[in-house]
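Coordinate inspection notes
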Amino acid sequence: MVGKICGTGSYVPEHILDNHDLSRIVDTNDEWIQARTGIIRRHIIEEDTTVSMAVYASKEALEDSGTAAEELDLILVSTFTSQVLLPCTACEVQKELGAVNATGFDLNAACTGFLFAYNTAQAYIHAGIYKTILIIGAESLSNVVNWKDRGTCILFGDGAGACVMKAQQGEFYRPITCSAGTLGNALTCKSRCCNAQDSERDDVDFFMKMDGQAVFKFAVRRVPEVILEAVDEAGIKLPQIDYFILHQANKRIVEAVAKRLGEDINKFPMNMEEYGNTSSASIPILLDEMNKKGMLKEGNKLVMAGFGAGLSWGAIYLEW
């Protein structure tokens, strides 16, 4: 058995912070941001939370797939920015959806998180443990961004995306995933659940910090490698792939990956100009946009690839 995506959904907050707005907060400008990242605006929570965004995206995915909440066996949420630690985000989503028959838990792999959640769902389905799984990527990154640091605050936005996966007859394709903890200092964020000796520290210690050059070099090298490995594992040639759905971190990264693979940039859809980097939400938000636009046809050959904190990265081949 293999898990097939049967429905998608997404949600982003209404409040928009564009590059001109940011130029009034930090020393930057629209031209500088667009040239280096491809980002024009990002959506920022006001009343929303990680849980509420996950719920909105999930309801869309359930409706799109024609699935009742009671049919769900498992809810997986990828996040590192939830407003709640206990109960976990997945259990809060279960409550709000009325998914009374579902088990739920969270996982944290930052920007690679949705890919890892997808792989976890596939493993459960392939093992015959669960048949209907809701996977969600949801992040409130505005809560962990230092709005005085132009190296990071220009990059991130808030949002959620979700997919319903159902067990069907089909071929299981082994995902390729990697982690390198020795490189983890390139992208860090301390927990605010600090102990007593940390309680006097300035809040700046608990914001996201990133070595942008290190992350860029890592991504443009490792992502093409892992995509080639995943495609080879599936017995497919690169020209057969209809779309490469990458984590939406930076336009220059996506363009560099396309160039290294020798593939047409039009096969690499991008939407970071509207949302910025939404971490684990970026792939499912993009997938939902493509689905709603009718870009995805039955039988399409896709590669999803994620990369980010950990450092972790991976790729998976799937058929729509």
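Look up: the structure comes first, before these words.
Residues numbered from 1 in each chain as written. Predicted model: local features only at pLDDT ≥ 70, side-chain atom pairs only at ≥ 80, totals over all residues. Heavy atoms only, no water.

Examining unusual backbone geometry
Residue Leu86 is joined to Pro87 through a cis peptide bond whose omega torsion reads -5°. If you check the backbone angles, Ala110 has positive phi at about 50° while not being a glycine. As for its placement among the helices and strands, Ala110 is situated in the loop between strand E5 (103-107) and helix H5 (113-126). Of note in this structure, Ser279 is not a glycine but carries a positive phi near 55°. If you trace the backbone, Ser279 turns up in the loop between helix H9 (272-275) and helix H10 (282-292). (Helix = DSSP H or I, 4+ residues; strand = E, 2+ residues; numbered from the N terminus.)

As for H5
Helix length check: H5, at 14 residues, gives a terminal C-alpha distance of 20 Å against a target of 20 Å (1.5 Å per residue), a fit within 8%. Most of H5 sits out of view: 10 of its 14 residues are buried. Every buried residue belonging to H5 is among Gly113, Phe114, Leu115, Phe116, Ala117, Tyr118, Asn119, Ala121, Gln122 and Ile125, and all of these are buried. Remark: Gly128 follows H5 within two positions and exhibits a positive phi of approximately 80°. (Expected span 1.5 Å × (residues − 1). Buried < 20%, exposed > 50% of the residue type's maximum accessible area, 1.4 Å probe, protein only.)

A short note on the nonpolar core
In this structure, Ile227, Phe244 and Leu246 are the most contacted members of the largest nonpolar core, which totals 52 residues. Broken down by secondary-structure element, the contributors of at least two residues to this core are helix H7 (212-233), strand E11 (243-246), helix H8 (251-261), strand E12 (301-308) and strand E13 (312-319). With 9 residues, the single largest contributor to this core is H7. The next biggest cluster of nonpolar side chains, apart from the first, holds 29 residues, and it includes Leu74, Leu115, Leu296 and Trp320. (Core = buried A, V, L, I, M, F, W, Y, C linked by side-chain atoms within 4.5 Å.)

Describing the environment of Ile265
Structurally, Ile265 can be placed in the loop between H8 and H9. Taking relative accessible area as the criterion, Ile265 reaches 33% and is therefore assigned partly exposed. Remark: the alpha-carbon pair of Ile265 and Val254, spanning 11 residues in sequence, is separated by 8.3 Å. Excluding anything up to four places from it in sequence, Ile265 contacts Val254, Glu255, Ala258 and Met270. (Contact = heavy atoms within 4.5 Å.)

Quick look at H7
Between the first and last C-alpha of H7 there are 31 Å, a value that for 22 residues agrees with the 32 Å anticipated at 1.5 Å per step. Of all the bends in H7, the largest measures some 25° and sits at Ala219. The elements touched by buried residues of H7 are strand E8 (176-179), strand E10 (209-210), E11, H8, E12 and E13. Just downstream of H7, Gly235 is the residue with a positive phi angle, here 75°. (Bend = angle between axes of the 7 residues up to and from the residue.)

Observations regarding the pairing of E11
Neither face of E11 is exposed, since Tyr243 and Ile245 on one face and Phe244 and Leu246 on the opposite face are all buried. When E11 meets E12, the two strands line up parallel, connected through 4 bridges. Within E12, the residue paired with Ile245 across the bridge is Met304. (Pairing = 2+ DSSP bridges.)

A look at the pairing of strand E6 (residues 132-140)
Buried residues dominate E6, accounting for 9 of its 9 residues. The side-chain alternation of E6 yields two buried faces, one formed by Thr132, Leu134, Ile136, Ala138 and Ser140 and the other by Ile133, Ile135, Gly137 and Glu139. Examined bridge by bridge, strand E4 (residues 74-78) and E6 share 5 bridges and lie parallel to one another. Opposite Ile75, over in E6, you have Leu134 as the bridge partner. Across 9 bridges, the pairing between E6 and strand E7 (residues 158-168) is antiparallel. Considered in E7, the bridge of Ser140 is made with Asp158.

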